[in-house]
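# Structure assessment
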Amino acid sequence: MNKPSASAGRGPSQRQLRVGELVRRTLSEILSRGEIHDPDLNRLSITVGEVRVTPDLRTGTAFVLPLGGQNQDEAIALLARNKGEIRRLLGKKCDLRFVPDLRFRIDDTFDRMDETRRLFAQDEVRRDLDGDEE
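What comes next concerns the included structure. All values derive from a computational prediction rather than experimental measurement. (Residues numbered from 1 in each chain as written. Predicted model: local features only at pLDDT ≥ 70, side-chain atom pairs only at ≥ 80, totals over all residues. Heavy atoms only, no water.)

### Here's the deal with the nonpolar core
Counting residues in hydrophobic clusters, the biggest one holds 26 residues, and the most contacted among them are Leu27, Leu90 and Phe104. Mapped by element, the contributors of at least two residues to this core are α1 (14-33), β1 (46-53), β2 (59-66), α3 (72-81), α4 (83-93) and β3 (101-106). At five residues, α1 tops the list of elements feeding residues into this core. (Core = buried A, V, L, I, M, F, W, Y, C linked by side-chain atoms within 4.5 Å. Buried < 20%, exposed > 50% of the residue type's maximum accessible area, 1.4 Å probe, protein only. Helix = DSSP H or I, 4+ residues; strand = E, 2+ residues; numbered from the N terminus.)

### A word on the pairing of β1
As paired strands, β1 and β2 are joined by seven bridges and run antiparallel to one another. Pairing of Arg52 across the sheet is with Thr61, part of β2. Counting the residues that bridge the hairpin from β1 to β2 gives five residues, and of these Leu57 lies at a positive phi of roughly 65°. (Pairing = 2+ DSSP bridges.)

### Describing the environment of Leu31
In this structure, Leu31 sits in helix α1. For the pair Leu31 and Ile86, spaced 55 residues apart in sequence, the C-alpha to C-alpha distance is 9.0 Å. Those residues within four positions of Leu31 in sequence are excluded, and the remaining contacts are Ile36, Leu41, Ile46, Val48 and Leu79. (Contact = heavy atoms within 4.5 Å.)

### Regarding unusual backbone geometry
Of note, the phi angle at Leu57 is positive, near 65°, even though the residue is not glycine. Here Asn71, not a glycine, exhibits a phi torsion of approximately 55°, which is positive. Tracing the backbone shows Asn71 in the loop between β2 and α3. Overall, the relative accessible area of 39% leaves Asn71 in the partly exposed class.

### With respect to the environment of Leu27
Structurally, Leu27 can be placed in helix α1. We classify Leu27 as buried; its relative accessible area is 0%. Separated by 35 residues in sequence, Leu27 and Ala62 have C-alpha atoms that sit 9.0 Å apart.

### So, α1
For α1, with 20 residues, the first-to-last C-alpha span of 29 Å sits near the 28 Å given by 1.5 Å per residue. Taken as a whole, α1 has its buried residues at Gln16, Val19, Gly20, Val23, Thr26, Leu27, Ser28, Ile30 and Leu31. In the core, the buried residues of α1 are packed alongside α2 (39-42), β1, β2, α3, α4 and β3. (Expected span 1.5 Å × (residues − 1).)

Following this line, the structure appears as structure tokens:
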């Protein structure tokens, strides 16, 4: 019978956060400098918001967003097509035993922040929040 791991229900470990941030910064640098030999990918300006790494540090999910939010599907497809070269460049630049296998997803953090701001701007919500201060 398997026991739940000690980290079940907790957030990522310090090591996961450190590796994720290292990969995020390095990936951002690679994309901004146009080091990948794909002109279609190099013409896009892509923001890397976050990289989440699994506990075994073998797989990472990069949350990316093209400038202006345009061509999202194209950006994901181009990144996936060049995944091998990106991983090779990460291996050269990062001092890691294993470079995580990357998956690319659209970063919807900004959309969620806008929705939260919209909700807080509603009269009913502001009235409820102001009522708590009394």
